[in-house]
Amino acid sequence: MKTYALAALAALILAQPALADTDSSRSAAAGVALGSARAVATAPAAQKSDALEKASRTGNFKTFLSAIDAAGIEGDLGQLGPYTLFAPTDAAFAKLPAGAMDRLMQPENRDQLIALIRMHVVAGQALTADKMAGQQMTAETLNGPVAIDGTDPSAVWINAVTVEGPGIRGKDGVVLAIDSLLLP
């Protein structure tokens, strides 16, 4: 399964503009959130959101936070209301093929980078591992639905990805560490 996911991510990265996020059928929150990234890129850098600031202090999300910075969308997270960020750890990014993230973070691949990040953001809900425990549900990320399975007493699963730990709570949302990337 993980090999398939890595191959799918490699295909996503190599597909270039053919996979640019152009779905205008998302909710109004999704239209505001991360959809206005081109305008944000020219604005002065915003302060980190409370949850992102706390996550950055752990030192476990350097690659993901760099991707958010490279995409120029950090300021958009504050417009979502409460949000849940399924944040891949640096160890999750280390599972990718060599050079995959470097290529994705190049300016010409910005649309694919935004699509990847959007797959990790749920707007309007601050989901925690405690809230998901014992439940099966679907959450709508800014780039499509994810299946949440909290019925396993040893872990909460987002699609086939494990949530690590209880999460990092901030006044603006929750950051949940995950052990692999969610693919659009």
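Here the structure is a predicted model, which is why all the values come from computation and not from measurement.

A.B. asks: In this structure, what is going on with the nonpolar core? I would like to understand it.
C.D. replies: Within soluble globular proteins, side chains that are nonpolar generally end up buried alongside one another. Core analysis: the biggest nonpolar cluster contains 32 residues, and Phe61, Ile68, Leu85, Ile117 and Val175 have the highest contact counts within it. Of all the secondary structure elements, the ones that give two or more residues to this core are α4 (50-58), α5 (62-71), β1 (83-88), α7 (90-94), α8 (100-104), α9 (110-118), β2 (121-123) and β7 (173-178). With 5 residues, the single largest contributor to this core is α5. For Ile68, the residues in contact, after removing those within four places along its chain, are Leu52, Ile73, Glu74, Leu85 and Ile117. Among the nonpolar cores identified, the runner-up in size contains 17 residues, and Val122, Leu127, Ile148 and Val163 belong to it.

A.B. asks: Just to check I follow, could you spell out the pairing of strand β4 (residues 144-149) for this structure?
C.D. replies: Consecutive side chains of a regular strand alternate in pointing toward one face of the sheet and then the other. Summarising the sheet, strand β3 (residues 136-141) and β4 pair through 6 bridges and their orientation is antiparallel. Following the sheet pairing, Glu140 is matched in β4 by Pro145. If you look at the hairpin formed by β3 and β4, you'll find 2 residues sitting between the two strands. Pairing between β4 and strand β5 (residues 157-158): 2 bridges, direction antiparallel. When the bridges of β5 are listed, Ile148 appears paired with Ile158.

A.B. asks: I keep staring at the packing of α5 against α9 and nothing clicks. Help me out?
C.D. replies: How two helices pack is summed up by the angle between their axes together with the distance between the axes. Relative to each other, α5 and α9 sit at 130 degrees, their axes nearing to 10 Å. In terms of orientation, α5 lies oblique with respect to α9. The chirality of how α5 crosses α9 is left-handed. Contact residues: α5 offers Phe64, Ala67, Ile68, Ala70 and Ala71, while α9 offers Arg110, Leu113, Ile114 and Ile117. Of the residues contributing to the contact of α5 with α9, the split by class is 8 nonpolar, no polar and 1 charged.

A.B. asks: What is the right way to read the environment of Leu113 from this model?
C.D. replies: Along the chain, Leu113 falls in helix α9. The class for Leu113 is buried, based on a relative accessible area of 1%. The spatial distance from the C-alpha of Leu113 to the C-alpha of Met101 is 9.0 Å, given a sequence separation of 12 residues. In this structure, Leu113 is in contact with Ala67, Ala70, Ala71, Met101, Leu104 and Met105, ignoring residues within four places of it in sequence.

A.B. asks: Before we go on, may I ask you to explain the confidence of the model for the chain in this structure?
C.D. replies: Fine structural detail should not be taken from predicted coordinates in areas where pLDDT scores are low. Across the chain, the average pLDDT comes to 78, with 73% of residues at 70 or higher. The model gives residues 1-33 a pLDDT under 50, and that stretch makes 45 contacts with residues more than four places away or in other chains.

A.B. asks: So what exactly am I meant to see when it comes to the pairing of strand β6 (residues 161-170) here?
C.D. replies: Two elements, β5 and β6, share 2 bridges in a ladder whose sense is antiparallel. Bridge pairing links Trp157 to Thr162 in β6. What sits between the antiparallel neighbours β5 and β6 is a turn of 2 residues, in which Asn159 has the positive phi angle 55 degrees. Inspection of the sheet shows β6 paired to β7 by 5 bridges, in the antiparallel sense. Bridging from a neighbouring strand, Arg169 pairs with Val174 of β7. Remark: 2 residues form the turn of the hairpin made by β6 and β7, two consecutive strands paired antiparallel.

A.B. asks: Help me understand the environment of Gln112, please; the structure alone is not making it clear to me.
C.D. replies: Mapped onto the fold, Gln112 is located in helix α9. Separated by 72 residues in the primary sequence, Gln112 and Pro184 place their C-alpha atoms 9.5 Å from one another.

About the cut-offs
Residues numbered from 1 in each chain as written. Predicted model: local features only at pLDDT ≥ 70, side-chain atom pairs only at ≥ 80, totals over all residues. Heavy atoms only, no water. Core = buried A, V, L, I, M, F, W, Y, C linked by side-chain atoms within 4.5 Å. Buried < 20%, exposed > 50% of the residue type's maximum accessible area, 1.4 Å probe, protein only. Helix = DSSP H or I, 4+ residues; strand = E, 2+ residues; numbered from the N terminus. Contact = heavy atoms within 4.5 Å. Pairing = 2+ DSSP bridges. Axes fitted to C-alpha atoms, helices over the stretch in contact; angles between N-to-C directions. Parallel < 35°, antiparallel > 145°, perpendicular 65-115°, else oblique. Left-handed = near helix turned anticlockwise from the far one by under 90°. Nonpolar A, V, L, I, M, F, W, Y, C, P; charged D, E, K, R; others polar. pLDDT = per-residue confidence, 0-100.

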